[in-house]
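Here's the letter readout for the chains.
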Amino acid sequence: MSEHKSGHASVTERVADGLDLWGRLRDARGDITVFADRREAGRRLAQLLATSQFDDPLVIALPRGGVPVAFEVAAALDAPLDILVVRKLGVPWQPELGMGAVGEGGVRTFNASVIAAAGLTDADVNEVIAREETEMAQRVQRYRRARPREPVTGRTVILVDDGLATGFTARAAVDFLRREKARRIVVAVPLAPAETIAEMAELVDEVVCLEAPRGFSAVGQFYRDFTQVSDQDVADLLALSDAHGVTENVNILIDKCRLEDNLTVPDGVRGVGSGKR
């Protein structure tokens, strides 16, 4: 593991060196490391984060892709999991090309150079903003439902995504966390290009990244399974994370078969039983 200083933040990377120490799969092209899926990436990222001490951490995922990764991180750190909905602003005729982002709390960030190069007018940009802010509000409702937002003020926030490309979505999230007076902000991702890591390190207290691969073009190229995460997946993982409760090892004897596993009783549940009807 190596740690580099950039601006006021530390940048922590772990790069597999020769042998595949983390059990990841090697791409057929040779030197590009790929993850099996987001959950596997989250477990590897959690192992690296677990080597540090975090005071009262809160794990915040950028949905949708960041939620399976963050779920594993929150479970490993025994920390609460929350989300922060941010929407990329795509150039109208090339949506994958980001010209900025909007986030909860009225946060907006823009890439002036992309807007200028694309020849976009204020009307063009405002139309995209209106559409994405409407979609953002709808997603907040679908994901959170009646779930209150975790308080951020005075806490160490670990902001997690499944990877960074330009980092504009994460920057909008960081702006929100600064406004909410998070005490410390750590951006944690499985992978990102080196230039994005350096730029992010100027904005936050620490960047934790497993891989900074060469030849980066899209996050999905470094996953075997990059299936789109659904809204229901997000809601289910948040609910599962909330049900951390108390875990005990139990033995269940059924006829001559003994089952042994961990039983988790969610907080607030008074008892578990069964009966004949």
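Provided above is the structure to which this section pertains.
Note that the structure is a prediction, hence the values are computed from the model and not measured. (Residues numbered from 1 in each chain as written. Predicted model: local features only at pLDDT ≥ 70, side-chain atom pairs only at ≥ 80, totals over all residues. Heavy atoms only, no water.)

**Student:** Just to check I follow, could you spell out the environment of isoleucine 185 for this structure?
**Tutor:** Mapped onto the fold, isoleucine 185 is located in strand E11 (residues 184-191). Residue classification places isoleucine 185 among the buried positions, given a relative accessible area of 0%. The spacing of isoleucine 185 and leucine 203 is 18 residues in sequence and 9.0 Å in space, taken between C-alpha atoms. Discounting chain neighbours no more than four positions away, the residues touching isoleucine 185 are Val157, Val174, Leu177, Arg178, Val204, Asp205 and Glu206. (Helix = DSSP H or I, 4+ residues; strand = E, 2+ residues; numbered from the N terminus. Buried < 20%, exposed > 50% of the residue type's maximum accessible area, 1.4 Å probe, protein only. Contact = heavy atoms within 4.5 Å.)

**Student:** Where do I start with the environment of threonine 153 in this structure?
**Tutor:** One can find threonine 153 in the loop between helix H4 (122-144) and strand E10 (156-160). The sequence separation of threonine 153 and glutamate 180 amounts to 27 residues, and the corresponding C-alpha distance is 5.7 Å. Each residue touching threonine 153, except ones within four places of it in the same chain, is listed here: Glu180 and Lys181. A polar atom in the side chain of threonine 153 sits 2.8 Å from the backbone oxygen of glutamate 180. (Polar contact = N/O pair within 3.5 Å; in protein donor to acceptor, adjacent residues only side chain to side chain.)

**Student:** Before we go on, may I ask you to explain the packing of helix H1 (residues 38-49) against helix H2 (residues 66-77) in this structure?
**Tutor:** Geometry of a packed helix pair, given as the angle between the helix axes and the separation of the axes. With their axes 7 Å apart at the nearest point, H1 and H2 run at an angle of 35° to one another. Judged by the sense of rotation from one axis to the other, the crossing of H1 with H2 is right-handed. Mapping the contact onto sequence places Arg38, Arg39, Gly42, Arg43, Leu45, Ala46 and Leu49 in H1 and Pro68, Val69, Phe71, Glu72, Val73, Ala76 and Leu77 in H2. Partitioned by chemical class, the residues of the contact of H1 with H2 number nine nonpolar, one polar and four charged. (Axes fitted to C-alpha atoms, helices over the stretch in contact; angles between N-to-C directions. Left-handed = near helix turned anticlockwise from the far one by under 90°. Nonpolar A, V, L, I, M, F, W, Y, C, P; charged D, E, K, R; others polar.)

**Student:** Explanation requested: the nonpolar core in the structure shown.
**Tutor:** Grouped burial of nonpolar side chains is what soluble globular proteins tend to show. Core analysis: the largest hydrophobic core is formed by 39 residues, its most contacted members being Leu45, Leu49, Val59, Leu81, Ile158 and Val160. The leading source of residues in this core is H2, at seven residues. With residues up to four places along the chain from it excluded, the contact list for leucine 49 reads Phe54, Val73, Leu77, Ile158, Ala188 and Val208. In terms of nonpolar packing, the next biggest core, distinct from the first, is built from 28 residues, Leu159, Ala170, Val174 and Cys209 among them. (Core = buried A, V, L, I, M, F, W, Y, C linked by side-chain atoms within 4.5 Å.)

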